[in-house]
Amino acid sequence: MFELLVELGFKEIEIGFPCSSATDWAFVRDLIERDAIPSDVLVQVMSPMRTDLIEQTATCLKGLSRGVLQVFNPTSAVQRRDVFEADRQRIKDLAVAGAETALRMRDVLGGTKLSLQYAPESFSQTEPDFALEVCNAVLELWQPSADDDIRVNLPATVEAYPPMEFGDRIEWMHRHLAYRDRITLSVHPHNDRGTGVAAAEMAVLAGAQRVEGTLFGNGERSGNVCLVTLAMNLFSQGVVPGLDFGDLDRARRVAEACTGMTVPPRHPWAGDLVYTSFAGSHQDAISKSLRKREQRSSQWWDVPYLPIDPHDIGREYSALIRVNNQSGKGGVNYLMRTGFGLDLPRRLQIDLSKLVQAYLDEHGGEVSRDLLWTIFQDAYCTSGSPTSAPMAAGDDPDVLLAALAQATGSRFPYECLELTVQDMASGSSCCFAHVAVAEHAAWGFATAQTRSLAVWLALAAAVEKAGSTNIATSSP
Ligand SMILES: CC(=O)SCCNC(=O)CCNC(=O)[C@H](O)C(C)(C)COP(=O)(O)OP(=O)(O)OC[C@H]1O[C@@H](n2cnc3c(N)ncnc32)[C@H](O)[C@@H]1OP(=O)(O)O
Ligand SMILES: CC(C)C(=O)C(=O)O
């Protein structure tokens, strides 16, 4: 996971809570001892505001050239009342005492350039004036200079109100914090109300310079803010986020393997289904727009219902359109075009999409490429084995249909309503024919080496489907 974060381009990475367990301690030590931390990556560790734990945490960084030590204590009214049974003054004293230890450890460590970060944990549920009082007390002690790297990290430990209110509180802190021009103002949103991303964006607009979050929003309860979503939101607006999500699916696989949790299929930007359309009118619009974009050879991405080009995150177009019973002709034709190189005439698209919809209403689910082909073949291709067209009939549909009517002994004339011939990439031809037999009309389809044979076979299939006998096998 650490290597992945580095590869993605993260320049600050929290690597552990060394005092919490031997595992965290060993992980941090391993990275340091293997010299596995690139020189342009700043790593961070965290500790509660207890002297022994801060000392232990800072000691774990021995041998590292630079790092961030975050210390934190809860400040909310409910934590003061129920967990610490302490008034404001005692909570502020606890913060200042911890800040003193952190400062001392910065000097003790010597060889490690230590950045200090203070978080009034549960800031989101702390009275703003008290959060400010505690932060300023810590800053007074730390006395940030222009050369120091001092941070105040304001967490929505529990997201407790709408994002604009979080933004308001951040702006208020931004305006009132001491030494504001010498410190970095960071935020740490969680996602309890499902608005962690919006809260982070509001906070940045309100003056925050740094956001702490996780890949895909993993984290306590509803998770931390998702950094992939935040970065991709910027990217989609033309702002380079400094992170490389060119193979987002790989990042997702690594994150899933490391955490044992799955990224939901509709997770913004990264889920399996987020560049896939099932809705008929969306499919129609995407299909038309993609084709016009191709014709224009445009370098700009401006396609309805697709906020970015899926190639940007390493996805293919192939999975863009999937057909279920909410899909229409546009989607069905897209699959026929991309899957089989067939561009169906509009009225055949309508006919086929009704068949597909009827199938899906009965069976549920969606059509695969193979199933679509089976439905198409059953509906439009002759079940008999191909036979040759009448000599010298050419590809005139009226002449061919007259020959067919004669061969089948039909009492009714066969009328060609529409005929389309397409050249296939393979060099062969294919034909879509719409034929009326008395009051019945049906489509037929065939491919053949020559144009005239394709027309003949498609007409024969259409006549057969319109209710006549299987005439493809009988020689006219
Ligand atoms: C907001 C966040 O999510 S920050 C991430 C939180 N992460 C974790 O809690 C995981 C790592 N934590 C741990 O492994 C443990 O809680 C430890 C090692 C830090 C402490 O373990 P223990 O000493 O057994 O304490 P335990 O966790 O049971 O209780 C916490 C104690 O610290 C106090 N405390 C809790 N948070 C803090 C804090 N930030 N600063 C100072 N004291 C704190 C509590 O009041 C409680 O005090 P008490 O022992 O007098 O009742
Ligand atoms: C320590 C702080 C930043 C934290 O993790 C939280 O409040 O969620």
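Residues numbered from 1 in each chain as written. Chains lettered and ligands numbered in written order. Predicted model: local features only at pLDDT ≥ 70, side-chain atom pairs only at ≥ 80, totals over all residues. Heavy atoms only, no water.

**Focus on the overall build of the protein**
Here's step 1: Along its length, the protein carries 16 helices and 10 strands.
Here's step 2: Taking 23 Å as the expected radius of gyration for a compact globule of 476 residues, we find that the protein reaches 34 Å, considerably beyond that expectation.
Here's step 3: A principal-axis box enclosing the C-alpha atoms of the protein has dimensions of 105 × 45 × 40 Å.
Here's step 4: Classification of the 476 residues of the protein by burial places 50% in the buried group.
Here's step 5: Considering only contacts within the protein whose residues lie at least 6 apart along the sequence, 67% involve residues at least 24 apart.
Here's step 6: Within the structure as shown, the protein displays about 22200 Å² of accessible surface, and the carbon and sulfur contribution to it stands at 51%.
Here's step 7: Charge separation in the protein, taken as the distance between the mean sites of 42 positive and 60 negative side-chain charges, equals 2 Å. (Helix = DSSP H or I, 4+ residues; strand = E, 2+ residues; numbered from the N terminus. Rg over C-alpha atoms; globule rule 2.2 N^0.38 Å. Buried < 20%, exposed > 50% of the residue type's maximum accessible area, 1.4 Å probe, protein only. Contact = heavy atoms within 4.5 Å. Areas by Shrake-Rupley, 256 points an atom, 1.4 Å probe, with all protein chains shown as cover. Lys, Arg positive; Asp, Glu negative; His and termini not counted. Charge placed at Lys NZ, Arg CZ, Asp CG, Glu CD.)

**Concerning the packing of helix α12 (residues 329-340) against helix α13 (residues 346-363)**
Here's step 1: It is the contact of α12 with α13, at a shortest axis distance of 8 Å, that shows an interaxial angle of 100 degrees. The pairing of α12 with α13 is recorded here as roughly perpendicular in orientation. Taking contact as the criterion, the partners of K329, V332, N333 and M336 in α12 are, on α13, R346, Q349, I350, L352, S353 and V356.
Here's step 2: Per-class residue counts for the contact of α12 with α13 are five nonpolar, three polar and two charged. (Axes fitted to C-alpha atoms, helices over the stretch in contact; angles between N-to-C directions. Parallel < 35°, antiparallel > 145°, perpendicular 65-115°, else oblique. Nonpolar A, V, L, I, M, F, W, Y, C, P; charged D, E, K, R; others polar.)

**Side note on the sheet that holds strand β10 (residues 440-448)**
Here's step 1: One open sheet holds the three strands; their spatial order is β8-β9-β10, and the pairing between them is antiparallel. What marks the edges here is a single partner per strand, and that holds for β8 (414-423) and β10. Between one strand axis and the next, the sheet turns through 15 degrees on average, direction left out of account.
Here's step 2: Inspection of the sheet shows β8 paired to strand β9 (residues 429-437) by nine bridges, in the antiparallel sense. Bridge pairing in β9 places E415 opposite A436.
Here's step 3: Packing against the sheet, α13 makes contact with β8, β9 and β10, and its axis sits at approximately 105 degrees to β10.
Here's step 4: Contacting β8, β9 and β10, helix α16 (residues 451-465) runs over the sheet at an angle of about 150 degrees to β10. (Pairing = 2+ DSSP bridges.)

**Brief notes about the packing of aromatic side chains**
Here's step 1: Inspection of the entire model under this criterion finds seven aromatic pairs.
Here's step 2: Aromatic side chains F340 and W373 sit 4.7 Å apart centroid to centroid with 35 degrees between the ring planes, which places their arrangement in the tilted category. Taken together, the positions of F340 in helix α12 and W373 in helix α14 (residues 369-380) put the pair 33 residues apart, joining distant regions of the chain.
Here's step 3: For F340, a relative accessible area of 19% gives the class buried.
Here's step 4: The partly exposed category is assigned to W373, whose relative accessible area is 25%.
Here's step 5: Seen in terms of ring centroids, W373 and F376 are 5.4 Å apart; in terms of plane orientation they differ by 25 degrees. Their pairing is stacked. With W373 and F376 both in helix α14 and three residues apart, the pair spans about one turn of that helix. (Phe/Tyr/Trp six-rings, centres within 6.5 Å; stacked < 30°, edge-to-face > 60°.)

**What about the pairing of β9?**
Here's step 1: In terms of residue burial, β9 counts as a mostly covered element, since nine of its nine residues are buried.
Here's step 2: The alternating pattern of β9 places S429, C431, A433, V435 and V437 on one face and C430, F432, H434 and A436 on the opposite face, and all of these are buried.
Here's step 3: The hairpin turn running from β8 into β9, its antiparallel successor, is five residues long, and G427 in that turn takes a positive phi close to 100 degrees.
Here's step 4: Between the antiparallel neighbours β9 and β10 lie two residues, among them A438 with a positive phi of about 50 degrees.

**Thoughts on the domain arrangement of the protein**
Here's step 1: By the assigned domains, the protein splits into domain 1 (1-212), domain 2 (329-380) and domain 3 (397-473).
Here's step 2: A separation of 20 Å is found between the C-alpha centroids of domain 2 and domain 3.
Here's step 3: The partner domain 3 presents 13 residues to the 14 residues of domain 2 that form the contact.
Here's step 4: Of the roughly 1000 Å² buried between domain 2 and domain 3 on both sides combined, carbon and sulfur atoms contribute 62%.
Here's step 5: On the domain 2 side of the contact with domain 3, P345, R347 and Y380 bury the most area, a combined 47% of that side's loss. (Domains from an automatic or database assignment. Buried area = accessible area lost by both parts, 1.4 Å probe.)

**A look at the site of ligand 2**
Here's step 1: Within the structure, ligand 2 sits among M46, Q70, F72, A119, E121, N153, P155, T157, H188 and H190.
Here's step 2: One nitrogen or oxygen atom from the side chain of T157 is found 2.5 Å from an oxygen atom belonging to ligand 2.
Here's step 3: Within the complex, the protein chains bury 89% of what would otherwise be the 260 Å² of accessible surface of ligand 2.
Here's step 4: For the shell around ligand 2, the secondary-structure elements that each account for two or more residues are β3 (66-74), β4 (113-121) and β5 (150-156). (Near = heavy atom within 4 Å. Polar contact = N/O pair within 3.5 Å; in protein donor to acceptor, adjacent residues only side chain to side chain.)

**A short note on the site of ligand 1**
Here's step 1: Taken together, 15 residues sit near ligand 1, with F17, S20, M49, R50 and F72 positioned nearest.
Here's step 2: R50 places a polar side-chain atom, nitrogen or oxygen, 3.2 Å from an oxygen atom of ligand 1.
Here's step 3: F72 places a main-chain nitrogen or oxygen 2.8 Å from a nitrogen atom of ligand 1.
Here's step 4: In isolation ligand 1 offers 1000 Å² of accessible surface; the protein chains occlude 49% of this area.
Here's step 5: Each residue belonging to the shell around ligand 1 can be placed in one class, and the counts come to 10 nonpolar, three polar and two charged.

**Brief notes about the sheet that holds β4**
Here's step 1: Spatial ordering of the open sheet is given by β1-β2-β3-β4-β5-β6-β7, a layout of seven strands whose pairing is parallel. The strands lining the two open edges of the sheet, one partner per strand, are β1 (12-16) and β7 (210-211).
Here's step 2: Both β4 and β5 contribute to a ladder of three bridges, which runs parallel. Bridged to L116 within β5 is I150.
Here's step 3: Each of β3, β4 and β5 touches helix α5 (residues 88-109); the most contacted strand, β4, lies at about 170 degrees to it.

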